[in-house]
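# Topology and contacts: notes
In case you want the letters, here they are:
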4 protein chains.
Amino acid sequence: MSEKEQLNQVEAVARTRLKERGVEVADIAELVFFLQKQYHPDLTMEECKLNVNRVIAKREVQNAILTGIELDMLTEQKKLSEPLQTILAIDESLYGVDEVLAFSIVNIYGSIGFTNYGYIDKEKPGILARLNDKSTGECHTFLDDIVGAIAAAASSRLAHHARNTE
Amino acid sequence: MSEKEQLNQVEAVARTRLKERGVEVADIAELVFFLQKQYHPDLTMEECKLNVNRVIAKREVQNAILTGIELDMLTEQKKLSEPLQTILAIDESLYGVDEVLAFSIVNIYGSIGFTNYGYIDKEKPGILARLNDKSTGECHTFLDDIVGAIAAAASSRLAHHARNTE
Amino acid sequence: MSEKEQLNQVEAVARTRLKERGVEVADIAELVFFLQKQYHPDLTMEECKLNVNRVIAKREVQNAILTGIELDMLTEQKKLSEPLQTILAIDESLYGVDEVLAFSIVNIYGSIGFTNYGYIDKEKPGILARLNDKSTGECHTFLDDIVGAIAAAASSRLAHHARNTE
Amino acid sequence: MSEKEQLNQVEAVARTRLKERGVEVADIAELVFFLQKQYHPDLTMEECKLNVNRVIAKREVQNAILTGIELDMLTEQKKLSEPLQTILAIDESLYGVDEVLAFSIVNIYGSIGFTNYGYIDKEKPGILARLNDKSTGECHTFLDDIVGAIAAAASSRLAHHARNTE
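Residues numbered from 1 in each chain as written. Chains lettered and ligands numbered in written order. Predicted model: local features only at pLDDT ≥ 70, side-chain atom pairs only at ≥ 80, totals over all residues. Heavy atoms only, no water.

### A word on the overall build of chain A
The line we're drawing: Every helix listed is a DSSP run of H or I at least four residues long, and every strand listed is a run of E at least two residues long, numbered separately from the N terminus. A radius of gyration in this sense is built from C-alpha atoms; the matching globule rule multiplies 2.2 Å by the number of residues raised to 0.38. Classification of residues uses two cut-offs on accessible area relative to the type maximum, computed with a 1.4 Å probe and protein chains only: under 20% is buried, over 50% is exposed, and between them is partly exposed. What sets the accessible areas is the Shrake-Rupley method with a 1.4 Å probe; for residues, cover comes only from the shown protein chains. Counting rule for charge: Lys and Arg are taken as positive, Asp and Glu as negative, and neither His nor the chain ends is counted. To locate a charge, take NZ of a lysine, CZ of an arginine, CG of an aspartate or CD of a glutamate.
Along the backbone of chain A there are nine helices and zero strands. Traced from its N-terminal end to its C-terminal end, chain A shows the element sequence α-α-α-α-α-α-α-α-α. Computed over the C-alpha atoms, the radius of gyration of chain A is 16 Å, within 12% of the 15 Å expected from 2.2 N^0.38 for a compact globule of 166 residues. With the C-alpha coordinates of chain A rotated into their principal frame, the extents come out at 55 × 45 × 25 Å. Here chain A holds 166 residues, and 62% of them are scored as buried. Of the roughly 6,200 Å² of accessible surface on chain A, 50% is carried by carbon and sulfur atoms. The positive charge centre, built from 18 side chains, and the negative charge centre, built from 26, are 4 Å apart in chain A.

### Things to note about the relation of the copies chain D and chain A
Operational definition: Residues below a pLDDT of 70 in either copy are left out; the C-alpha atoms of the rest, at least 70 in both, set the least-squares superposition of the copies. Contacts were defined at the residue level, with two residues in contact if any of their heavy atoms lie within 4.5 Å.
Mapping chain D onto chain A calls for a rotation angle of 180° and an axial translation of 0.0 Å; the resulting RMSD is 0.0 Å. Such a combination of turn and shift is consistent with a two-fold rotation axis. Most of the interface of chain D is mirrored in chain A, where 100% of its interface residues again form contacts.

### Brief notes about the interface of chain D and chain A
Let me state the cut-off plainly: Any carboxyl oxygen of Asp or Glu within 4 Å of a side-chain nitrogen of Lys or Arg constitutes a salt bridge here. In protein, a polar contact means a hydrogen-donor-capable atom and an acceptor-capable atom, both N or O and within 3.5 Å, with residues adjacent in sequence counting only if both atoms are side-chain atoms; elsewhere, any N or O pair within 3.5 Å suffices. In this classification, Asp, Glu, Lys and Arg are treated as charged, Ala, Val, Leu, Ile, Met, Phe, Trp, Tyr, Cys and Pro as nonpolar, and every other residue, Gly included, as polar.
Taken together, the contacts link 29 residues of chain D with 29 residues of chain A. At the junction of chain D and chain A, the tally comes to two salt bridges. We note a salt bridge from Arg 59 of chain D to Glu 92 of chain A, for which the minimum N-O separation is 3.0 Å. Applying the counting criterion to the chain D and chain A interface returns ten residue pairs in polar contact (both at pLDDT 80 or more). Listing elements by their share of the side of chain D that touches chain A, those giving two or more residues are α1 (3–20), α4 (59–76), α5 (84–89) and α6 (97–106) of chain D. The greatest single-element share of the side of chain D that touches chain A, amounting to nine residues, is contributed by α4 of chain D. A per-class count over the side of chain D that touches chain A returns 16 nonpolar, six polar and seven charged.

### Considerations on unusual backbone geometry
Going from Glu 82 of chain A to Pro 83 of chain A, the amide bond is cis rather than trans, its omega being 5°. The residue Pro 83 of chain A is located in the loop between α4 (59–76) and α5 (84–89) in this model. Look at Asp 91 of chain B: it is not a glycine, yet its phi comes out positive at around 50°. Within the secondary structure, Asp 91 of chain B sits in the loop between α5 (84–89) and α6 (97–106). In this structure, Lys 78 of chain D takes a positive phi of about 55° despite not being glycine. Inspection of the secondary structure assignment puts Lys 78 of chain D in the loop between α4 and α5.

### Points about the nonpolar core
So the rule is basically this: Throughout, nonpolar core names a set of buried Ala, Val, Leu, Ile, Met, Phe, Trp, Tyr and Cys residues whose side chains join them through atoms within 4.5 Å.
Counting 216 residues, the largest nonpolar core has Ile 150 of chain A, Ile 150 of chain B, Ile 150 of chain C together with Ile 150 of chain D as the members making the most contacts within it. The contacts of Ile 150 of chain B, once residues within four sequence positions are left out, are Ile 28, Val 52, Val 55, Ile 56, Val 61, Ile 65 and Ile 105 of chain B.

### With respect to a positive patch on the surface
Convention followed: Patches draw on residues past 30% relative accessible area with no salt bridge. Two like charges within 9 Å are joined, as are two nonpolar side chains (Val, Leu, Ile, Met, Phe, Trp, Tyr) within 5 Å.
Residues Arg 54 and Lys 58 of chain A together with Arg 54 and Lys 58 of chain C make up a contiguous surface patch of positive charge. Position of Arg 54 of chain A among the secondary structure elements: in helix α3 (residues 45–56).

### Observations concerning helix α4 (residues 59–76) of chain B
Residues and elements named next belong to chain B. Spelled out, the test is: Here the expected span of a helix is defined as 1.5 Å times the quantity of residues minus one.
Helix length check: α4 (18 residues) gives 26 Å between terminal C-alpha atoms against 26 Å at 1.5 Å per residue, within 8%. Extensive coverage of α4 is indicated by the burial of 17 of its 18 residues. Lys 78 lies just past α4 and shows a positive phi near 55°.

### Some thoughts on the UniProt feature "domain: YutG/PgpA" (unreviewed entry) in chain A
Formally: UniProt positions are given in the numbering used here, feature names are shortened, and annotations may be inferred rather than shown by experiment.
What UniProt calls "domain: YutG/PgpA" (unreviewed entry) maps, in this numbering, to residues 25–160 of chain A. Annotated as residues 25–160 of chain A, this span is 68% helix and 0% strand, and its ends, taken at the C-alpha atoms, are 21 Å apart.

### Quick look at the packing of aromatic side chains
All names here are of chain B. To keep things clear, this is the line we draw: Two aromatic rings, drawn from Phe, Tyr or Trp (for Trp, its six-membered ring), form a pair once their centres lie within 6.5 Å of each other, and the interplanar angle then sorts them: stacked below 30 degrees, edge-to-face above 60, tilted otherwise.
Throughout the structure, instances matching the rule amount to 22 aromatic pairs over all chains. Each ring, one from Phe 34 and one from Tyr 119, has its centre 6.3 Å from the other, and the planes form 10°; the classification is stacked. Remark: Tyr 119 occurs in helix α7 (residues 113–123) and Phe 34 occurs in helix α2 (residues 25–36); sequence separation between them is 85 residues. Judged by its relative accessible area of 15%, Tyr 119 is buried.

### Comments concerning the interface of chain D and chain C
Here is the rule: Each of two parts loses accessible area, computed with a 1.4 Å probe, when they are put together; buried area is these two losses added.
Opposite the 24 residues of chain D that make contact, chain C presents 24 residues. Interface area for chain D against chain C, summed over the two sides, is near 2,000 Å², with a carbon-plus-sulfur share of 61%. Of all residues in chain D, the largest losses of buried area upon contact with chain C belong to Leu 94, Thr 115 and Lys 122 of chain D, amounting jointly to 32% of the total for that side. Seen at the junction of chain D and chain C, the total is four residue pairs in polar contact (both at pLDDT 80 or more).

### Some details on the packing of α2 of chain B against helix α3 (residues 45–56) of chain B
All names here are of chain B. As a reminder, the rule being used: Helix axes are fitted only over the stretch in contact, all axes being lines through C-alpha atoms; the angle between N-to-C directions runs from 0 to 180 degrees. When describing relative orientation, an angle under 35 degrees is termed roughly parallel and one over 145 degrees roughly antiparallel, while 65 to 115 degrees is termed roughly perpendicular and anything else oblique. Crossing handedness follows the turn of the near helix against the far one: under a right angle anticlockwise gives a left-handed crossing, and clockwise gives a right-handed one.
Taken N-terminus to C-terminus, the directions of α2 and α3 make an angle of 115°; their axes are 8 Å apart at the nearest point. By the criterion of interaxial angle, the relationship of α2 to α3 is roughly perpendicular. Our pair here, α2 against α3, has a crossing hand that is right-handed. Residues Val 25, Ala 26, Ile 28, Ala 29, Glu 30, Val 32 and Phe 33 of α2 touch α3, and the partners they reach there are Met 45, Cys 48, Lys 49, Val 52, Asn 53 and Ile 56.

### Considering the side chain of Thr 67 of chain D
Relative to the assigned elements, Thr 67 of chain D resides in helix α4. Within polar-contact distance, the side chain of Thr 67 of chain D engages the side chain of Tyr 95 of chain A at 2.7 Å. For Thr 67 of chain D, the residues in contact, after removing those within four places along its chain, are Leu 71, Leu 84, Tyr 95 and Val 97 of chain A.

### Structural notes on the pattern of salt bridges
Residue and element names in this part refer to chain A. Inspection of every chain in the model, using the stated rule, returns 29 salt bridges over all chains. Between Arg 15 and Glu 11 there is a salt bridge whose closest N-O contact spans 3.1 Å. Of this pair, Arg 15 and Glu 11 are both found in helix α1 (residues 3–20), four residues apart, which corresponds to roughly one turn of the helix. With a relative accessible area of 24%, Arg 15 lands in the partly exposed category. On the accessibility criterion, Glu 11 (23% relative accessible area) is partly exposed.

### Details of the confidence of the model for chain A
Spelled out, the test is: How sure the predictor is of each residue is captured by pLDDT, a score from 0 to 100.
Mean pLDDT over chain A works out to 91, with 94% of the residues at or above the 70 mark. If you check the scores for this complex, the pTM reads 0.88 and the ipTM reads 0.92.

### Observations regarding the environment of Cys 48 of chain B
Residue and element names in this part refer to chain B. The topology assignment puts Cys 48 in helix α3. The exposure class of Cys 48 is buried, given its relative accessible area of 0%. Between the alpha carbons of Cys 48 and Leu 158 there is a distance of 7.8 Å; along the sequence they are 110 residues apart. Beyond its immediate stretch of four places on either side in the chain, Cys 48 contacts Ala 29, Val 32, Phe 33 and Leu 43.

Take a look at the structure:
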């Protein structure tokens, strides 16, 4: 496989993993819409999806998706050693590696995205409520932060572009 | 002046500047109480103040306070060159150096503070509402983020310590 | 002035400030060449310049340039209040706001740039040696870190693009 | 198990994992000595060890150690799914999650540690040379960055404390 094919494979698998774990681009686009509609009255879901797709096209974001979802799946399969297995299974409150990974996504579009990330992480609208539902038996300790971070980064991208083309 | 006296002077001036700009330790402690009361039902304002004071005792935090307030004051005095003068005077939405400075404070107590920072930055409870009131003619482009960041960092510190002593 | 003109003005002034303070795009491109030549034997100065220019085209980077150079100039003019004036004049070793600003630049192209930033900050090749020469009476406490950060970010950009087009 | 015992267990396992992977506190202390001896002529290995131990006592650092080493071990056991398995096995140059985790350690003692981190990551003195030796069949994609980050954080801690007690 050439290097270019390998890179395309990283993006393809990252997108597949999101779907397999129940997250569609439209779900993340809805978070962007929730965060940005008050600032951009003419905002469409199409624009939100476009910005989400551009964020997912970044290699840094794909790496975070692959690594975070892998740890979530290994936790569900009880394949991690203790105490990490329990820490991730209960989404222990002093464990911050999930947030650390999320910030590496938000950072790509600059610091203005951090506020949005913190806000939806606390409010848990849309898909984030489902990912945080502990009653399903699924583990999304990393994925919920990654999804919030992609939405926050896409919001920053949208804000930067709106200003450049007005 | 010895080096130790100089260090003490940095902390003393940082604390004086906060007061001069209308921010008391109790104001920041109220933000911590707002963020943490649901997780710690027995939480007192005394504990919140203690944690805020420990955050302000950090050199990194004092540096951010001195630098941010200096830029706010120079903006009020119209002593900056353009376009920075206008960017800071209107708290321009694509300017993120204020958030960058704030994160350097939040970071000190680990990543679990970022959510709290983003949340109060969006909700603007207590002192943050006043610092964001543009009708006063004052400029708090940096200070409002710094105050939110100290509250978020103090909340992280409190969360870490609560867990260690339970 | 329309919003688009204002944005163009931010970039134009940021570029002018760099020149006024003695930093040409070619100086930063040389740092990129220094960092990357071993990994890319066919690397040209033209490619290095192109990548530096793309980094400077980012709004986040322009904000850091404008803010950092403003503080350097105010320090030279002795217009800051104490103890900040002295801290910046002597580039005091526990003051880290200059590094914090620099990381906000490096971050834009992902974490792989941090190693390069730390390395040239320690080695001080080319333009960085001159910016750190205290005998000139000039103050470049912020600018030297910003220049190193732009070079590190441009190196990351180059590394990402080299891989995508091979 | 009480919560306090659980916390102590996290630290105990983190320390055991480091040893099992061939990293002693003394190895990291030597990196600190390498970084700091020129600034502190009277520096002893005892002080370096003390500072390394204080860094490892931080929960954020323990979380990074447990998570990073787990991923390294799963890579050696070929238990990760593709393409993550290959990316980690070859320490692929565009993969930056290892650096992201490392920065969460460096950050705790403020921004002055980043330069040191970047420098030893490039120079690879002492233990870092061995961890990067690909001929052993071992995978230390995360561990080498974590060890460098602990050394950089311990150096920052040492610098802060030296100044406060002089």
